[in-house]
Amino acid sequence: MKKIAVLTSGGDAPGMNAAIRATVRYALYKGLDVYGVERGYAGLINGNVNRLNSRSVSDIIHRGGTILKTSRSPEFTEQEGRRAAYEVLSAYGITGLVVIGGDGSFRGARDLSHEYDIKVMGIPGTIDNDLNYTDYTLGFDTAVNTTLWAINSLRDTMGSHDRVSLLEVMGRGCGDIALYAGIAGGAEYVIIPEVPYDIDAVCRDIKSSQKRGKTSNMIILAEGAGNKDEIVAAIKEKTGISVKTTTLGHIQRGGSPTMFDRVLAARMAVKAVDLLCEESESRLIGIRDNQIIAEPIDSALACPKRFNEELYSVAHILSL
Ligand code: ADP
């Protein structure tokens, strides 16, 4: 393999730039020519491909977002679109592709690698931590730390007013941002999609914690777990307590990546480039038990949903 390309696709996440940098510099070290594709699969179809050198990725390791930009490409979900993408790659003589993205991007990568003679390595970049084959995705740690910053600020003000606060966080169908930020931030309740919540139990707990001397309560709600307005209305109706709500939104997507995300980006990129040099079959890179792993795309995408029940119960026990 002599020529490879790198792109970012789908939702952006802190750590994507660190992964681009590591991919480019390690590929150059291995003697490869490396190209950057702008705006994900859409840019690939349109031929937005540029040769990169070591200086192209200077001064980006600490930046959130992605210098290559990202996009969603309906065309790439069609065979026609993937053929156009392949024709661009083959015009440049590129035979290996590093895709930094989430579940959807990896489904596209799988289709491309099945249909054409292109080896694709996927680096998981999403704040949601919703890819089951890997313990962590790039951006998750940073997003949790951003959420913690918000929790700390909310604690200051809610403690002064004896308030109940509800903070809605991202995560789509995955409750990990809420769960990890909830434990690290000492939240009283964590409501996540993996465990159906019982509003009566939440209300009983708020009441009983007040009896035990807790004057303020923090509820962390994962966006996929329920409707915050309904939860707040139900608490008001059943307890008479007004809950102050905050939705953190896209702030969680940005920010300078943490040490964990930067080191993870470097380790995963090295693995991806090594596998391309070995002409390995297409794989998704991940981390399990602190070891960098690489699974064939089909089996990685078919991994059953994982959920750390023990951690969830710890969150509850420590809030009592
Ligand atoms: P993410 O990678 O963050 O999950 P998306 O789900 O938006 O983001 O996917 C990014 C891109 O990947 C889509 O715009 C599309 O081009 C491609 N893609 C998504 N799902 C599929 C699929 N099932 N088959 C082929 N390509 C897909």
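Calculation rules
Residues numbered from 1 in each chain as written. Predicted model: local features only at pLDDT ≥ 70, side-chain atom pairs only at ≥ 80, totals over all residues. Heavy atoms only, no water. Near = heavy atom within 4 Å. Polar contact = N/O pair within 3.5 Å; in protein donor to acceptor, adjacent residues only side chain to side chain. Areas by Shrake-Rupley, 256 points an atom, 1.4 Å probe, with all protein chains shown as cover. Domains from an automatic or database assignment. Buried area = accessible area lost by both parts, 1.4 Å probe. Salt bridge = Lys/Arg side-chain N within 4 Å of Asp/Glu carboxyl O. 1 Å grid on protein atoms, 1.4 Å probe; cavity = no way out; pocket = protein on both sides within 12 Å on 5 of 7 lines; lining within 4 Å. Points joined across faces, edges and corners; volume = space filled by probe spheres on them. Helix = DSSP H or I, 4+ residues; strand = E, 2+ residues; numbered from the N terminus. Nonpolar A, V, L, I, M, F, W, Y, C, P; charged D, E, K, R; others polar. Contact = heavy atoms within 4.5 Å. Buried < 20%, exposed > 50% of the residue type's maximum accessible area, 1.4 Å probe, protein only.

Student: Account for the site of the ligand, with residues named and values stated.
Tutor: Taken together, the neighbourhood of the ligand is formed by 16 residues, with Arg 72, Ser 73, Gly 102, Gly 104 and Ser 105 sitting nearest. At 2.6 Å, a backbone N or O of Ser 73 approaches an oxygen atom of the ligand. One of the backbone N or O atoms of Asp 103 is found 3.4 Å from an oxygen atom in the ligand. Taking 550 Å² as the accessible area of the ligand by itself, protein coverage stands at 81%.

Student: Before we move on, can you summarise the domain arrangement of the protein chain with the specific residues and values?
Tutor: When the domains of the protein chain are assigned, the result is domain 1 (3–139 + 257–301) and domain 2 (140–253). On a C-alpha basis, the centres of domain 1 and domain 2 stand 34 Å from each other. Together, Ile 127, Asp 128 and Asn 129 form the three largest contributors to the area buried by domain 1 at its contact with domain 2, with a combined 40%. Where domain 1 meets domain 2, there are 3 salt bridges.

Student: Let's hear about the layout of surface pockets: which residues, and what values?
Tutor: There is about 460 Å³ of room inside the largest pocket. In this structure, the largest pocket is lined by 26 residues; those nearest its centre are Gly 10, Gly 11, Arg 72, Gly 104 and Ser 105. When residues of the lining of the largest pocket are assigned to their parent elements, the largest contribution, 6 residues, is made by helix H4 (residues 103–115). In the lining of the largest pocket, the residues fall into 4 nonpolar, 12 polar and 10 charged. Counting the residues that make up the lining of the largest pocket, at least three belong to each of domain 1 (3–139 + 257–301) and domain 2 (140–253). For the second largest pocket, the calculated volume is near 240 Å³. Lining the second largest pocket are 16 residues, and of these Tyr 189, Val 190, Val 202, Tyr 312 and His 316 sit closest to its centre.

Student: Quick rundown of the environment of Ala 272? Include the residues and the values.
Tutor: Within the secondary structure, Ala 272 is located in helix H9 (residues 259–277). Here the alpha-carbon distance between Ala 272 and Ile 293, two residues 21 residues apart in the chain, equals 9.9 Å. Setting aside anything within four residues of it in sequence, one finds Ala 272 in contact with Val 98, Met 121, Ile 123 and Ile 285.

Student: I'd love a proper account of the pattern of salt bridges, names of residues and values included.
Tutor: Summed over all chains, the structure comprises 17 salt bridges. Here Glu 115 and Arg 82 are joined by a salt bridge, their closest N and O atoms 2.8 Å apart. Here Glu 115, found in helix H4, pairs with Arg 82, found in helix H3 (residues 79–92); they are 33 residues apart in sequence, far enough to count as distant. Residue Glu 115 is classed as partly exposed on the basis of its relative accessible area, which comes to 29%. A relative accessible area of 5% places Arg 82 in the buried class.

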